[in-house]
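Examination of the molecular architecture
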Amino acid sequence: KFGRERAEKMFGAVGEPIEVHRAFQRIFVDGTELEQVCLFGEDWQLPGGKMKCVGAMDAFSTFVFDPTIFAGPYREEMSIEALCRVMTPPDHLTEEQLAFHPYVGWTFGIPEAWTPDNDRTLIGPAYIPALLDLGSRLELPATYHSDAKAPLEWWFGWLKSRLKGLPGTVLSPRHSRDIKQ
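Keep in mind that what you see is a predicted model, and the values were worked out from it rather than measured. (Residues numbered from 1 in each chain as written. Predicted model: local features only at pLDDT ≥ 70, side-chain atom pairs only at ≥ 80, totals over all residues. Heavy atoms only, no water.)

Structural notes on the pattern of salt bridges
Taken as a whole, this structure holds 11 salt bridges when the rule is applied. Lys 52 is the partner of Glu 33 in a salt bridge, and the nearest nitrogen-oxygen pair spans 3.4 Å. Pair noted here: Glu 33 is in strand E1 (residues 27-39) and Lys 52 is in strand E2 (residues 47-58), with a separation of 19 residues, a long-range link. Glu 33 gets classed as partly exposed once you look at its relative accessible area, which sits at 34%. Taking the shortest distance from any N to any O, the salt bridge between Asp 117 and Lys 149 comes out at 3.5 Å. (Salt bridge = Lys/Arg side-chain N within 4 Å of Asp/Glu carboxyl O. Helix = DSSP H or I, 4+ residues; strand = E, 2+ residues; numbered from the N terminus. Buried < 20%, exposed > 50% of the residue type's maximum accessible area, 1.4 Å probe, protein only.)

In structure tokens, the structure reads:
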């Protein structure tokens, strides 16, 4: 509609492609704010705060590890919990789930490189030496480089679309299309 140049700017790839040849070569880590709130309790139906999510994804297989979902501001310990879920075997799976997807029990390990968001509250500077001691390196994406972790950002969008409209979803005046008549 607006020409080839506008289409390239809108849909063309930005930046350098990230080459990955095997699993656990690079793990993307990022956080997002969900549109849902948690309640103080069953008997006290007051919103306690918006939910947030820290997720990790293998760049080679695009496997999403069990995300850390919490209420309140971003905290370093929530990000470290997400990193631990990458490096340790999943302990929350039932026997039936493991029988149906046996490979999921083996999806853990120490990656060669972490690519987190540039936000200092995601992985604090105090945790970087510990990650380096594990044999991993930390590679920060370029500032304001939104496509550095595009597959994980896409997954966050998919997750939000699946949760949209569930009880606890926050509706605001700026999203009038979400309010059903």
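Structure shown, so let's carry the discussion forward.
Looking at the nonpolar core
Soluble, globular proteins show a tendency: their nonpolar side chains are buried together. Judged by nonpolar contacts, the single largest core of 16 residues is most densely connected at Ile 27, Val 29, Leu 83, Val 86 and Trp 114. Every element with two or more residues in this core is listed here: E1, E2 and helix H2 (76-87). For this core, the leading source of residues is H2, giving 5 residues. Residues Met 57, Ala 59, Leu 152 and Trp 155 belong to the second largest nonpolar core, which totals 12 residues. (Core = buried A, V, L, I, M, F, W, Y, C linked by side-chain atoms within 4.5 Å.)

Here we look at the sheet that holds E1
In spatial order, the strands read E3-E2-E1-E4-E5; together these 5 strands make up an open sheet with mixed pairing. The open sheet has two edge strands, strand E3 (68-71) and strand E5 (137-138), and neither has a second partner. Bridging between E1 and strand E4 (residues 113-116) involves 3 bridges; their strand directions are parallel. Within E4, the residue paired with Val 29 across the bridge is Pro 116. The strands touched by H2 are E1, E2, E3 and E4; relative to E3, the strand with the most contacts, the crossing angle is about 160°. Strand contacts of helix H5 (residues 150-163): E1 and E2, with the helix running at about 20° to E1, the strand carrying the most contacts. (Pairing = 2+ DSSP bridges. Contact = heavy atoms within 4.5 Å. Axes fitted to C-alpha atoms, helices over the stretch in contact; angles between N-to-C directions.)

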